Amino acid sequence: MNWKKILLGVVGVACLASWIALGVGLALDVERPLRLGLVVAAAIATEALFWSVAAVLGVSVVQARRQIWAKVTGPFRRA
């Protein structure tokens, strides 16, 4: 197996775990500092996953990041 795919798998699992932890933290109504830490961890893990995928797919994805992000977040933006 290619080392890039292993990296994507590890980063992907870390990202998924951070989002699950955030969901559990919100469901349990944890204190604000812990909730903030969970949000920051999920954000960093998601960004790491995005850049890892971009590194595997190549420079063209990095250059088109703004357009990709606009497509992903488009449905959630106010008109």
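Residues numbered from 1 in each chain as written. Predicted model: local features only at pLDDT ≥ 70, side-chain atom pairs only at ≥ 80, totals over all residues. Heavy atoms only, no water.

Peer 1: Provide a residue-level description of the overall build of the protein chain, including the pertinent values.
Peer 2: Looking only at helices and strands, one finds 4 helices and 0 strands in the protein chain. The linear arrangement of helices and strands in the protein chain, starting from the amino end, is α-α-α-α. Split into buried and exposed, the 79 residues of the protein chain put 18% on the buried side. Here the contacts in the protein chain between residues at least 6 apart in sequence split such that 46% fall between residues at least 24 apart. (Helix = DSSP H or I, 4+ residues; strand = E, 2+ residues; numbered from the N terminus. Buried < 20%, exposed > 50% of the residue type's maximum accessible area, 1.4 Å probe, protein only. Contact = heavy atoms within 4.5 Å.)

Peer 1: Kindly report on a nonpolar patch on the surface, identifying the contributing residues and their values.
Peer 2: Nonpolar side chains collect at one region of the surface, where Leu-16, Ile-20, Val-24 and Leu-28 lie side by side and expose about 410 Å² of accessible area between them. Considering the arrangement of structural elements, one finds Val-24 in helix 1 (residues 3-27). (Patch = residues over 30% accessible without salt bridge, like charges linked within 9 Å, V, L, I, M, F, W, Y side chains within 5 Å. Areas by Shrake-Rupley, 256 points an atom, 1.4 Å probe, with all protein chains shown as cover. Salt bridge = Lys/Arg side-chain N within 4 Å of Asp/Glu carboxyl O.)

Peer 1: So, the pattern of salt bridges: which residues are in play, and what are the values?
Peer 2: For the structure on display, the rule yields 1 salt bridge. A salt bridge links Asp-29 to Arg-35; the nearest nitrogen and oxygen atoms lie 3.9 Å apart. A relative accessible area of 58% places Asp-29 in the exposed class.

Peer 1: Go over the confidence of the model for the protein chain with me, naming the residues and quoting the values.
Peer 2: Across the protein chain, the average pLDDT comes to 86, with 90% of residues at or above 70. Per-element averaging of pLDDT across the protein chain places helix 3 (residues 59-63) at the bottom with 66 and helix 1 at the top with 93. (pLDDT = per-residue confidence, 0-100.)

Peer 1: Kindly report on the packing of aromatic side chains, identifying the contributing residues and their values.
Peer 2: Two aromatic rings, taken as a pair, are described by how far apart their centres are and by the angle between their planes. All told, the structure shown has 1 aromatic pair when counted by the stated rule. Note on Phe-50 and Trp-51: the rings are 6.0 Å apart at their centroids and 85° apart in plane angle, and the pair reads as edge-to-face. Judged by its relative accessible area of 36%, Trp-51 falls in the partly exposed class. (Phe/Tyr/Trp six-rings, centres within 6.5 Å; stacked < 30°, edge-to-face > 60°.)

Peer 1: Any details on the environment of Val-39? Residues and values, ideally.
Peer 2: Within the secondary structure, Val-39 sits in helix 2 (residues 32-57). Considering only alpha carbons, one finds Val-39 and Gly-23, 16 residues apart in sequence, at a separation of 9.7 Å.

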